[in-house]
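Each chain is listed here by its residues.
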Amino acid sequence: MAWLLIGLSVSLCWLASLCKVYYSSHSSSRTAFFTESKQKRNILLVIAHPDDESMFFSPTISYLTSKGHNLYVLCISTGNADGMGNTRKEELYQACAILKVPLHQIKVLDNPKLQDGFGKVWDHDLLAKIVEEEVASGTIDSILTFDSYGISGHCNHKDVHHGVRRFLNMSRRKVEAWELLSTNILRKYSGPVDIWFSIVYSMCWPSGQVHCLLNDDPSKSFQAMAQHMSQWVWFRKLFVSFSSYTYVNTLKRIA
């Protein structure tokens with residue numbers, strides 16, 4: 001009987017959270033992000049591998065494109081750890097089409113010094129130089145990337161964060177930067193339920209320092225991730241279903 005009540009409670013909480021996502025996603029915190037002026041932003045999303053955009057950043061991408069901002073995606077590697085780099089590169093283009101990011105605003109690098117893989121250490125100075133070049137060429141005024149843990153703890157994700165940090169510390173350019181916050185494992189796999197924790201967490205910070213963005217169309221995350229057919233195996237299907245990053249992103253200002 002006790003297990004039945006627990007199961008029922010969890011189910012009701014899940015359904016209530018989904019209702020919040022689908023019907024009440026325009027919270028005051030959400031609508032305040034990048035809306036302090038009517039000017040459209042040129043925003044650079046820096047990721048490590050094809051599929052990072054769909055697995056982790058889709059709520060943010062959905063929000064930015066819906067507001068008419070110009071989103072550029074810089075993918076540091078082709079994800080060639082298993083020799084499928086060219087395939088994964090094309091899959092990224094297809095996923096970004098679902099997420100409404102124009103093809104000409106996507107760049108995928110294949111630098112010999114920045115190859116996908118656990119244990120592959122990426123040069124932070126080289127990453128900073130690459131980000132500097134992208135910011136200069138695209139008149140970028142804002143950057144989005146991973147935080148220091150990199151959501152999954154992947155070393156390439158962490159290096160991307162530190163590369164962006166290195167750029168911010170060295171560059172004279174005035175660029176606003178935001179990091180996607182990592183959560184503990186319970187929150188990470190709580191699906192839409194995590195939106196309540198994320199909203200409360202964002203309210204604990206001074207105004208403008210942390211923003212909680214709800215995904216008003218989680219199905220788009222599934223559609224985008226499904227374009228990565230080489231990666232669309234059973235455990236990633238489960239990840240996208242139960243990951244809080246399908247439903248909400250919490251962004252913290254880093255510069």
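What counts, and where the lines are drawn
Residues numbered from 1 in each chain as written. Predicted model: local features only at pLDDT ≥ 70, side-chain atom pairs only at ≥ 80, totals over all residues. Heavy atoms only, no water. UniProt positions renumbered as here; feature names shortened; annotations may be inferred. Helix = DSSP H or I, 4+ residues; strand = E, 2+ residues; numbered from the N terminus. Buried < 20%, exposed > 50% of the residue type's maximum accessible area, 1.4 Å probe, protein only. Lys, Arg positive; Asp, Glu negative; His and termini not counted. Salt bridge = Lys/Arg side-chain N within 4 Å of Asp/Glu carboxyl O. Contact = heavy atoms within 4.5 Å. Phe/Tyr/Trp six-rings, centres within 6.5 Å; stacked < 30°, edge-to-face > 60°. 1 Å grid on protein atoms, 1.4 Å probe; cavity = no way out; pocket = protein on both sides within 12 Å on 5 of 7 lines; lining within 4 Å. Points joined across faces, edges and corners; volume = space filled by probe spheres on them. Nonpolar A, V, L, I, M, F, W, Y, C, P; charged D, E, K, R; others polar. Expected span 1.5 Å × (residues − 1). Polar contact = N/O pair within 3.5 Å; in protein donor to acceptor, adjacent residues only side chain to side chain.

If you check an unreviewed UniProt entry, the protein appears there as N-acetylglucosaminylphosphatidylinositol deacetylase from Kalanchoe fedtschenkoi. The record held by UniProt for the protein lists under Sequence similarities (unreviewed entry) the comment "Belongs to the PIGL family."

Peer 1: Is there a simple way to think about the side chain of glutamate 53 in this case?
Peer 2: Turning to its location among the elements, glutamate 53 is positioned in helix α3 (residues 52-55). Although glutamate 53 is buried, it makes no salt bridge; arginine 88 carries the closest opposite charge, 7.6 Å away. What glutamate 53 contacts, discounting residues up to four positions off in sequence, is Leu45, Ile47, Ser58, Ile61, Leu92, Ala95, Cys96, Leu99 and His228.

Peer 1: Is there a simple way to explain helix α4 (residues 58-66) in this structure?
Peer 2: In an α-helix, one turn spans 3.6 residues; hence positions three or four apart end up facing the same way. Of all nine residues in α4, seven are buried; the element is thus mostly enclosed. Regarding α4, the residues found buried are Ser58, Pro59, Thr60, Ile61, Ser62, Tyr63 and Leu64. Phi turns positive one or two residues past the end of α4, at glycine 68, with a value near 85°.

Peer 1: What should I look at first to understand the packing of aromatic side chains in this one?
Peer 2: Aromatic ring pairs are defined here through the distance separating the ring centres and the angle between the ring planes. The tally for this structure, following the rule as stated, stands at seven aromatic pairs. With centroids separated by 6.0 Å and ring planes inclined at 80°, the aromatic side chains of phenylalanine 56 and phenylalanine 239 adopt a geometry described as edge-to-face. Here the residue phenylalanine 56 occupies a position in the loop between α3 and α4, and phenylalanine 239 occupies one in helix α11 (residues 234-242), the gap between them amounting to 183 residues. Summarising the burial analysis for this pair, phenylalanine 56 and phenylalanine 239 share the class buried.

Peer 1: How should I be thinking about the layout of surface pockets in this particular structure?
Peer 2: One number sums up the size of the largest pocket: a volume of about 490 Å³. Residue lining of the largest pocket: 23 residues in total, with Asp51, Met55, Phe118, His154 and Arg236 positioned closest to the centre. Counting residues per element, the lining of the largest pocket draws most heavily on α11, which supplies three residues. Among the residues forming the lining of the largest pocket, the class breakdown is eight nonpolar, eight polar and seven charged.

Peer 1: Please explain helix α6 (residues 124-137) as it appears in this structure.
Peer 2: The terminal C-alpha atoms of α6, which comprises 14 residues, lie 20 Å apart, in line with the 20 Å expected from a rise of 1.5 Å per residue. The N-capping residue of α6, defined by a side-chain oxygen 2.8 Å from the backbone nitrogen of aspartate 125, is aspartate 123. At the C-terminal side of α6, threonine 139 shows a positive phi close to 45°.

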